[in-house]
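# Architecture and fold: a report
Okay, here's what each chain looks like letter by letter:
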Amino acid sequence: MISKRIDNAALFAMLSSLADNKQAIGRRYAYWCNGAPALEAAVAAAAMTQDELGHARTLYPLLEDFSQAEADPQQVEPMTRTLHYHLGTLDQDFAGWCDFVATNFLVDTALTTFFEAAQDSSYDPLRQRARKVVQEEHLHFVHGEGWVRRLAKAGGAVRKTLVASLQKFWDETLCWFGPQDDPTMQRLQNEDVIDASPDELRSRYLAKVMPVLNSLEIEFPVAFNATTKRWELTQALSWENWQASSRRLEQA
Amino acid sequence: MSETQENTASRRNALNESHVWQVYARRKYDEPLHEIGNVMADDVELARVYARSIYDEFSWVEMVLVPRETIVTVIES
């Protein structure tokens, strides 16, 4: 029996990006399973590593179902894949525990925001996976938030290093949702794969991270609009180095 | 100790976990909760994450944390 492949470049691109980001986060976390500041945090890091790699492992096989995978079948296997659609800031090893915490709190939460928008997806395999991912990610967010609070309150060089790590990931994480007129995201929303536009996803994302950052007086160009009751960017994102195909910022 | 050294020491202390949480759990509803270990965390939310990730060898039906400092000794060992 010949099964018909799905012809949807937008969905294929987004699944590739989600899988690559989960895989990259898992690999970066893995280095810290025996290097965290406390034994408890090391065990939590190991558990989160397993979760992230597990999420990637459930996403990659979906790529095989798409006609876009036919051109180069080696790109659907994480072991043979040469394309990397994860954030450019995940290319390098973490410089320290603060990079782990910033990735945990900022990058992983952005991916979760996307999965939350796909919990009633018209694409069944994503809907099923999204619900499980969202459930597991709750603990990851609590871990990220807890560590952001601890490191920020420690003050001095510890706080400075944390803020530098958060700043390192900030722009690219917000850009990952794409510009508002991103054709990939527009198609996904039009086909009910997700239930929000890039700006709406960014707004939902800011509603998660900003209350924490604001309470710790960690400043980013975001303000709370009392009328709309939403956190809004006060500075436009720069799309100059944005690569739509890989959903990452490439250094010029 | 100089002021700078004191500040550094206090920041280092701020990162050290000082609160111990006793972890109790049970695998069946007809079993009582029993102590399965402990975790160290200053923050109750982090204590929850640590307890779940460290003591994940069984599918518990219930797990609770008790701050060690709230335990009242009746008969000392």
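Residues numbered from 1 in each chain as written. Chains lettered and ligands numbered in written order. Predicted model: local features only at pLDDT ≥ 70, side-chain atom pairs only at ≥ 80, totals over all residues. Heavy atoms only, no water.

## A look at the environment of T184(A)
All names here are of chain A. Our working definition: Working definition: helices are DSSP H or I runs of at least four residues, strands are E runs of at least two. Numbering for both runs from the N terminus. Each residue gets one of three labels from its accessible area relative to the maximum for its type: buried under 20%, exposed over 50%, partly exposed in between, using a 1.4 Å probe on protein chains only.
When you line up the elements, T184 lands in helix α6 (residues 183-190). Overall, T184 belongs to the buried group, its relative accessible area being 15%. Along the backbone, T184 and A10 are 174 residues apart, and their C-alpha atoms lie at a distance of 4.7 Å.

## Here we look at the environment of V64(B)
All names here are of chain B. To keep it simple, the criterion reads: We call two residues in contact when some of their heavy atoms are within 4.5 Å.
If you trace the backbone, V64 turns up in strand β3 (residues 62-67). On the accessibility criterion, V64 (27% relative accessible area) is partly exposed. Separated by 20 residues in sequence, V64 and V44 place their C-alpha atoms 11 Å apart. Setting aside its immediate chain neighbours within four residues, V64 contacts Q22, V23, Y24 and L33.

## Quick word on the packing of helix α2 (residues 39-63) of chain A against helix α2 (residues 44-54) of chain B
As a reminder, the rule being used: Every axis corresponds to a line fitted to the C-alpha atoms, with the helix fit spanning only the stretch in contact, and the corresponding angles, defined between N-to-C directions, vary from 0 to 180 degrees. Two helices crossing with the near one rotated counterclockwise from the far one by less than a right angle form a left-handed crossing, whereas a clockwise rotation gives a right-handed crossing. Any residue that is not Ala, Val, Leu, Ile, Met, Phe, Trp, Tyr, Cys, Pro, Asp, Glu, Lys or Arg is counted as polar, Gly included; the first ten are nonpolar and the last four charged.
In contact at an axis separation of 9 Å, α2(A) and α2(B) are set at 65° when each is read in the N-to-C sense. Seen along the crossing, α2(A) lies across α2(B) with a hand that is left-handed. Here E40(A), A41(A), V43(A), A44(A) and A47(A) of α2(A) come into contact with α2(B), specifically with V49(B), Y50(B), S53(B) and I54(B). Considered class by class, the residues forming the contact of α2(A) with α2(B) number seven nonpolar, one polar and one charged.

## Re the packing of aromatic side chains
Residue and element names in this part refer to chain A. The cut-off we apply is this: A pair of Phe, Tyr and Trp rings is counted when the ring centres sit within 6.5 Å of each other, with Trp represented by its six-membered ring. The angle between the planes then sorts it: under 30 degrees is stacked, over 60 is edge-to-face, the rest tilted.
For the structure shown, the criterion picks out 16 aromatic pairs over all chains. Each ring, one from Y29 and one from F100, has its centre 4.3 Å from the other, and the planes form 20°; the classification is stacked. Here F100 lies in helix α3 (residues 97-117) and Y29 lies in helix α1 (residues 9-30), a separation of 71 residues in the sequence. Centre to centre, the rings of F177 and Y205 are 5.7 Å apart; their planes meet at 55°, and the pair counts as tilted. You can see F177 sitting in the loop between α5 (156-176) and α6 and its partner Y205 sitting in helix α7 (residues 198-215), a full 28 residues away along the chain. On the accessibility criterion, F177 (0% relative accessible area) is buried. What links up through ring pairs into an aromatic cluster is the set Y29, W32, F94, W97, F100 and W147.

## As for the nonpolar core
All names here are of chain A. Selection criterion: We define a nonpolar core as any set of buried Ala, Val, Leu, Ile, Met, Phe, Trp, Tyr and Cys residues linked to one another through side-chain atoms lying within 4.5 Å.
Of all hydrophobic cores here, the largest spans 94 residues; its most connected members are F114 and W170. At 13 residues, α3 tops the list of elements feeding residues into this core. Beyond its immediate sequence surroundings of up to four residues, W170 is in contact with L106, L206, V209, M210, L213, F220, P221 and V222.

## What to know about the interface of chain A and chain B
For the record, the criterion: We define buried area as the total accessible area lost by two parts upon association, computed with a 1.4 Å probe and summed across both. By definition here, a salt bridge exists when the distance from a side-chain nitrogen of Lys or Arg to a carboxyl oxygen of Asp or Glu is within 4 Å. Whenever two N or O atoms come within 3.5 Å, that pair is a polar contact, provided that in protein one can donate a hydrogen and the other can accept it, and provided that, for residues adjacent in sequence, both atoms are side-chain atoms.
Taken together, the contacts link 18 residues of chain A with 16 residues of chain B. Summed over both sides, the interface between chain A and chain B buries roughly 1400 Å², with carbon and sulfur atoms accounting for 70% of that surface. When the area that chain A buries against chain B is broken down by residue, the three leading residues are E40(A), L139(A) and R150(A), summing to 43%. Inspection of the chain A/chain B interface yields zero salt bridges. Counting across the chain A and chain B interface gives two residue pairs in polar contact (both at pLDDT 80 or more). Sorting the residues of the side of chain A that touches chain B by element identifies α2, α4 (124-154) and α5 of chain A as the ones contributing at least two each. With eight residues, the top contributor of residues to the side of chain A that touches chain B is α4(A).

## Comments concerning the pattern of salt bridges
All names here are of chain A. A complete count under the given rule lists 21 salt bridges over all chains for this structure. Between R247 and D182 there is a salt bridge, with its nearest N and O atoms 2.8 Å apart. In this pair, R247 is assigned in the loop between β3 (242-243) and β4 (248-249) and D182 in the loop between α5 and α6, connecting sequence segments 65 residues apart. Residue R247 is classed as buried on the basis of its relative accessible area of 2%. The residue R248 makes a salt bridge to E250 at a minimum N-O spacing of 3.0 Å. A relative accessible area of 8% means that R248 is categorised as buried. Classification of E250 as partly exposed rests on a relative accessible area of 30%.

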